[in-house]
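# Understanding the architecture of this molecule
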Amino acid sequence: MIEIYNITNLKSLDELRIKVLGKKGVLTNEFAKLKDLNEDERKKVAKELNELRDEFSEKLNLKKEILEKKEQEQLLQKDKIDVTLFSKKVELGAIHPVNYTLDRIVEYFVNMNFSIHTGPLIEDDFHNFEALNLPNYHPARDMQDTFYFKDSNLLRTHTSPVQIRTMLKQKPPIRMISPGAVFRRDFDLTHTPMFHQVEALVVEEGDKVSFANLKYILENFLTYMFGDVKVRFRPSFFPFTEPSAEVDISCIFCNGDGCRVCSHTGWLEVLGCGLVDENVFKAVGYKNVSGYAFGLGVERFAMLIHKISDLRSLFESDLRLLEQFK
Ligand code: PHE
């Protein structure tokens, strides 16, 4: 009994319990010896043993409670958090200007009820060219210096193949954008072999979609991106749209007065667009529909928004540039 008082931790207490009440414990042994006694003695000794066991158990449990409480307190003391201490300095990263720009573009079109579609980066000739009214002999294929694989596959040169994939999968109405990486064999101040485009396609049954719809959404979108700018449409050519246009905004650096960035024209070209060519609809088996499409380069937008003059600097992971976007 006295031993119980001297014990200071739960482990020794349990060892003591086993020593006394365990299978080979002292008390258990005494109980086993009972069968050798005569009846009178057995009754007497059994009573004593039972009392002893009850008393021991009671003391044991009491001590256990006390020790458990003590250990809990020690644990709390050890784990105490000092909320007044300074924490380690956390280095925050910055969102890359291309991602920031892409997020803004996607945000606009999602708000305008466009859905987002993606497609593979490795494309085949049909989706990247053929179905987009760019047959094998077409000189416009030269506009897009293509990376080819050994088989007939290629790295997609624009996001327009996602138009084809979407139209082959679903019926009009379609209202989609497709953001993603594209690849061309080009590398200079304003070109990198990999860059990002956002494609948009709207198709409705009948002749519901007109150039006026296209003009409206682009003017609205470009003022959302660049603020108070003038927007102009210049006749152009793309094999997959007819009529086609290139879209300029008034130069955001000189307000249209003319400067080095806009080559003293007062205008900056920002995207290509048009009404979807009848041959594209034919290639995907659409009849009696109308639609518009446009495609833009995300890096070009990012350079204009952040006033970055060398496109290549966006891909050099130079912290001196990136840290400015925190
Ligand atoms: N795919 C064209 C390009 O990469 C952009 C574009 C898309 C133009 C849709 C018109 C319509 O240059």
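Note that the structure is predicted; figures quoted are calculated from it, not measured.

### Concerning the site of the ligand
H158, S160, R184, Q197 and G295 are the nearest of the 13 residues found near the ligand. Between the ligand and H158, the relevant distance is 3.0 Å, taken from a nitrogen atom to a side-chain nitrogen or oxygen of the residue. A distance of 2.8 Å separates an oxygen atom of the ligand from a polar side-chain atom of R184. Here the ligand loses 92% of its free accessible area of 330 Å² to cover by the protein chains. Taken together, the elements giving at least two residues each to the shell around the ligand come down to β5 (194-205), β8 (267-276) and β9 (289-297). Tallied by class, residues from the shell around the ligand come to five nonpolar, six polar and two charged.

### Description of the domain arrangement of the protein chain
In many reports, interface size means the accessible area that the parts give up when they come together. Domain boundaries assigned for the protein chain yield domain 1 (2-79) and domain 2 (97-325). Distance between the C-alpha centres of domain 1 and domain 2: 83 Å.

### Quick notes on the pairing of β9
Here β9 lies mainly inside the structure; eight of its nine residues are buried. Two strands pair when backbone bridges link them, and β5 and β9 are joined in this way by nine bridges, in the antiparallel orientation. Looking across to β9, one finds that Q197 is bridged to G297. Here β8 runs beside β9; their pairing, made up of five bridges, is antiparallel. Within β9, the residue paired with G274 across the bridge is A293.

Procedures and definitions
Going along each chain's sequence as written, the residues are numbered from 1 onward. Whole-chain, interface and lining totals are the exception, using all residues; otherwise, since this is a predicted model, local features are given only for residues with pLDDT of at least 70 and side-chain atom pairs are given and counted only at 80 or more. The basis for every side-chain value is the complete set of non-hydrogen atoms in the structure, without hydrogens or water. Consider each residue's heavy atoms; a residue with any of them within 4 Å of a molecule or strand counts as near. Whenever two N or O atoms come within 3.5 Å, that pair is a polar contact, provided that in protein one can donate a hydrogen and the other can accept it, and provided that, for residues adjacent in sequence, both atoms are side-chain atoms. Computed with a 1.4 Å probe, the accessible areas rest on the Shrake-Rupley method; for each residue, only the protein chains presented here act as cover. Starting at the N terminus, helices and strands are each numbered in turn, a helix being any DSSP run of H or I of at least four residues and a strand any DSSP run of E of at least two. Under the convention adopted here, Pro, Cys and the residues Ala, Val, Leu, Ile, Met, Phe, Trp and Tyr are nonpolar, Asp, Glu, Lys and Arg are charged, and Gly plus all remaining residues are polar. Reported domain spans reflect what an automatic or database domain assignment gives. Relative accessibility decides the category of a residue: with a 1.4 Å probe and only protein chains considered, values under 20% of the type maximum give buried, values over 50% give exposed, and everything between is partly exposed. Note on pairing: DSSP must find at least two bridges between two strands before they are called paired.

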